[in-house]
Structure formats: C-alpha cells, structure tokens
Amino acid sequence: MIHHPRTARALRPVRMLAAALLASALLAGCTTFSDKGRDNYERAQGEQPGAASPGEASESAKPEPPYDVRPLLQPAKKYLGLAADGAPAKMSSVQDFAKRGGKKPNLIEFYSAWGDQYETQLVQKTWDYGALAFIAWEPFDATLKDIASGKEDDYIRSYAKSVKALNLPVAISFAHEMNGFWYPWGTKKATAAQFTAAYKHIHDLFDDEGATQVIWVWSPNVVNPMPKVKLKPYWPGDDYVDWVGVIGYYAATGPSTYKTLYGPTMSQTRSFTKKPFIIAETAAQAGERKPADIKDLFEGTAERADVVGLVWFNFDKETDWRINSGPLSEKAFREQAAGARYGFDVTKP
C-alpha cells in the first residue's frame, strides 16, 4: 500500500503496480470537442461561428481564442512531465528537478479536489514557466451518480467558464484509477456505467460552455492488480478522450519492465481505441534496480510512437520516488532526459 500526497484535503491511497507492454497502433488526431462547442465559444465572444478556423488567420491577424489544443495532442517530440511537492504553487521543486535532471519539464501535473475552483494562477504560472498544466481532478466530495445526474452542474459550469476565460491549454484527468478499488469513485463504491456517465456529462457541460481549451485524459491504473476488471466498460468513447493516461510505477516487487508493467493495459486499450497514450504517473522505487528502471522507462516510451510522453512523480513519500534518491539514479535520469526525443516548446509544438 503506497500513500502519495494529493491536495491539502486528501492523501493518495494505495498505488498498486503492474502490467506488460504489447501492440503499437495508429494515433487519433483531433480534439474531442464538437463543432457545437467551438460555435458556442465564438458566439459568446460576439463572433460569427465558423468565420475562421484556428490556425487559418492571416499573417497580420493576432491569434484569437479559443486556444487550439490540437497541435499539443501528438507533438513530434515527447513530453517530459513532472509532479512535485508544492508545484506549481511553489516552483522551487520544479527548478530543483530541472537542475538535477538536466532539462526543464514541459508538463506539470498537480491535484485538484472536487469543489476547488479552477486554479487559474497555477495554470498561468505553469504556462509562464514553459509547461502545460495537467490537473488530476479528484471527486472526493461528490459521487459519480450525483455528478452524472446534474446535481453538480453549477460547479462544473463555473469551472468550465474559468477555463474558457483564461484561454490557456490544460490537460484534465477526471477520477483517475477508476478501475482500482482504493478511491471512493473506484470499483468498491461505483460502477463503470456511473463513471462513464459522470465523465461524459462533465465533458458535455464544458462543450456547452465552449471551454475547448481542455485536453481530456482518461487515466486507468495498470491492470495487473485488478486483472478481472476490464477497461472497456469504463471507456467513455473516442469523442470524449484525447489521451489515455496510463498510471503505473516500477516497484521493488511486481512487474519491472516496460513490457510487463504497461503492456497488458496498452494491449487491452488498443482493443477499443487508437487514442495516444501518456504515462500519466510513474516513478521507480529507490534501490539497486532504479537506474535500470529509469532507462527502461525512457527507452520504452521513446520506442512507441503512440506514447506522447511521461510524468515523473518526484515525491519522497513512504518510499523515495525522487530522481535524486541516489547518485546513480540521478545520473541515469539525467542521461535519459538529455535525449533529443524528450522536451519541446509547448507554445510552438
């Protein structure tokens, strides 16, 4: 049982680890938002819907909202992502990571509890640093059933309006690890149908508000700890997901290669979608094997064209997941992150 930090109001419960790599596949290309969503945004801005598509403006015209996230969905290079203590509210941990790892992260993940307002300052701060914000939105204070039924609509619409108003790209993962049993939105207290209904309802409200700046991430835990829990019933559909955010860690016991850790989850996912993957949370437990685990993670991600990057969970919590848990680990991370495949300017993907 591994407990990781989340928001001030919640600690991360167990992180069970697992799985095996297989099958590569084609990538999906466009944002999930419908034409209706973009039309609603343009109407709200007092513009004629469909007058100009993003990226089709003349050279003299300034870029206009809504921010077009499509170039960020499948960039030519890989994201080097980070979740770190206090970030991005305090950037010292990000700066320390960049110094030790030899490269600035261009994606920063943080956790937001249900009921919190959209963290506009944190998203702006992340963008100003040169990174894409990635929010894990955790419904601890509302059931999936209530969300799907509309009881939380005022809050969701307010959140969406703030996203639209800021007009910066943001990745959002709602109710991650829903195929596990350790969260209140997991298998012990909610059904797959309730999850998909809630997920789709949130997305539809964002679409209705014209908040098209979101990269929608569907984030299962690797399947090894729960082999009987199939992923397909949890799938909202290609129209609702931009990235498949696979979550899995290299632990001292259990799967210890990219193929065995991520493969079964990726293979199962490929039976129902071709959307690109991102390793949405990962790290390696401190120990003699950690440098090899780091090398395996980077090489495995680089080899797959359908994996857009990784997010390193750089915390010392119950075990030391940080890249600097030992000098050899830090050296290995620095060497791997230096590869030309990792890191790019998110403002010019």
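One can find the structure itself at the top, above this paragraph.
Since this is a predicted model, take the numbers as computed values, not measurements.

Student: Pulling in residues and values, what's your account of the overall build of the chain?
Tutor: Secondary structure assignment for the chain yields 10 helices and 10 strands. With 349 residues in all, the chain has 58% of them scored as buried. Counting only contacts in the chain whose residues sit at least 6 apart along the sequence, the fraction spanning at least 24 positions is 81%. Accessible area of the chain: about 14,200 Å², with a carbon and sulfur share of 50%.

Student: Give me the nonpolar core: which residues, what numbers.
Tutor: If you look at the biggest cluster of nonpolar residues, it comprises 106 residues, and the most contacted ones within it are F174, F206, W218, W243 and Y262. Residue contributions to this core peak at 7 residues, all from helix α7 (residues 192-209).

Student: Got a sec to walk through the pattern of salt bridges? Specific residues and values, please.
Tutor: Per the counting criterion, the structure on display carries 13 salt bridges. With a closest N to O distance of 3.1 Å, E330 and R100 form a salt bridge. You can see E330 sitting in helix α10 (residues 327-337) and its partner R100 sitting in helix α3 (residues 92-101), a full 230 residues away along the chain. Bridged by salt links that share partners, the residues D96, R100 and E330 form one connected network.

Student: If you had to explain α10 to someone new, which residues and values would you point to?
Tutor: Considered for burial, the residues of α10 that qualify are S329, A332, F333, Q336 and A337. With its buried residues spanning 120 degrees around the axis, α10 presents them on a single face. Among the exposed residues of α10, those oriented more than 90 degrees off its buried face are P327 and L328.

Student: Provide a residue-level description of the packing of aromatic side chains, including the pertinent values.
Tutor: Aromatic ring pairs are described here by two measures, namely the spacing of the ring centres and the angle between the planes. Under the definition given, this model contains 34 aromatic pairs. When the ring of F140 is compared with that of Y183, the centres are 5.9 Å apart and the planes differ by 80 degrees; the resulting orientation is edge-to-face. Remark: Y183 occurs in the loop between β4 (170-174) and α7 and F140 occurs in the loop between β3 (132-138) and α5 (144-149); sequence separation between them is 43 residues. With relative accessibility at 3%, the residue Y183 sits in the buried group. The interplanar angle of 75 degrees and the centroid separation of 6.3 Å between the aromatic rings of Y250 and Y262 together place this pair among those described as edge-to-face. Linking Y250 in the loop between β6 (243-247) and α8 (258-269) with Y262 in helix α8, this pair joins segments that are 12 residues apart in sequence.

Student: Account for the packing of helix α6 (residues 153-166) against α7, naming residues and giving values.
Tutor: In the contact formed by α6 and α7, the axes pass within 9 Å of each other and the chain directions differ by 50 degrees. In terms of orientation, α6 and α7 fall into the oblique class. Relative to α7, the crossing made by α6 is right-handed. Contacts between α6 and α7 involve D153, I156, R157, Y159, A160, K161, V163 and K164 from the first element and H201, I202, L205, F206, D208 and E209 from the second. A breakdown of the residues in the contact of α6 with α7 according to their chemical character gives 7 nonpolar, 1 polar and 6 charged.

Student: How would you summarise the sheet that holds strand β1 (residues 79-84) if you had to cite specific residues and measurements?
Tutor: With parallel pairing, the 8 strands of this closed barrel are ordered in space as β1-β2-β3-β4-β5-β6-β7-β8. Along the sheet, successive strands turn relative to each other by an average axial angle of 30 degrees, direction set aside. Here strand β2 (residues 107-113) pairs with β3 via 7 bridges, running parallel. In the sheet register, I108 faces β3, and the bridge partner there is A133. α6 contacts β2, β3, β4 and β5 (214-218) of the sheet and is inclined by roughly 175 degrees relative to β3.

Student: Before we move on, can you summarise the environment of T347 with the specific residues and values?
Tutor: Considering the arrangement of structural elements, one finds T347 in the segment after α10. Sequence separation of T347 and L72 is 275 residues, and the distance between their C-alpha atoms is 8.8 Å. Residues contacting T347, with those up to four places away along its chain left out, are Y67 and W127. Side-chain polar atoms of T347 contact the side chain of D345, separated by 2.6 Å.

The rules we used
Residues numbered from 1 in each chain as written. Predicted model: local features only at pLDDT ≥ 70, side-chain atom pairs only at ≥ 80, totals over all residues. Heavy atoms only, no water. Helix = DSSP H or I, 4+ residues; strand = E, 2+ residues; numbered from the N terminus. Buried < 20%, exposed > 50% of the residue type's maximum accessible area, 1.4 Å probe, protein only. Contact = heavy atoms within 4.5 Å. Areas by Shrake-Rupley, 256 points an atom, 1.4 Å probe, with all protein chains shown as cover. Core = buried A, V, L, I, M, F, W, Y, C linked by side-chain atoms within 4.5 Å. Salt bridge = Lys/Arg side-chain N within 4 Å of Asp/Glu carboxyl O. Arc of directions from axis to C-beta. Phe/Tyr/Trp six-rings, centres within 6.5 Å; stacked < 30°, edge-to-face > 60°. Axes fitted to C-alpha atoms, helices over the stretch in contact; angles between N-to-C directions. Parallel < 35°, antiparallel > 145°, perpendicular 65-115°, else oblique. Left-handed = near helix turned anticlockwise from the far one by under 90°. Nonpolar A, V, L, I, M, F, W, Y, C, P; charged D, E, K, R; others polar. Pairing = 2+ DSSP bridges. Polar contact = N/O pair within 3.5 Å; in protein donor to acceptor, adjacent residues only side chain to side chain.

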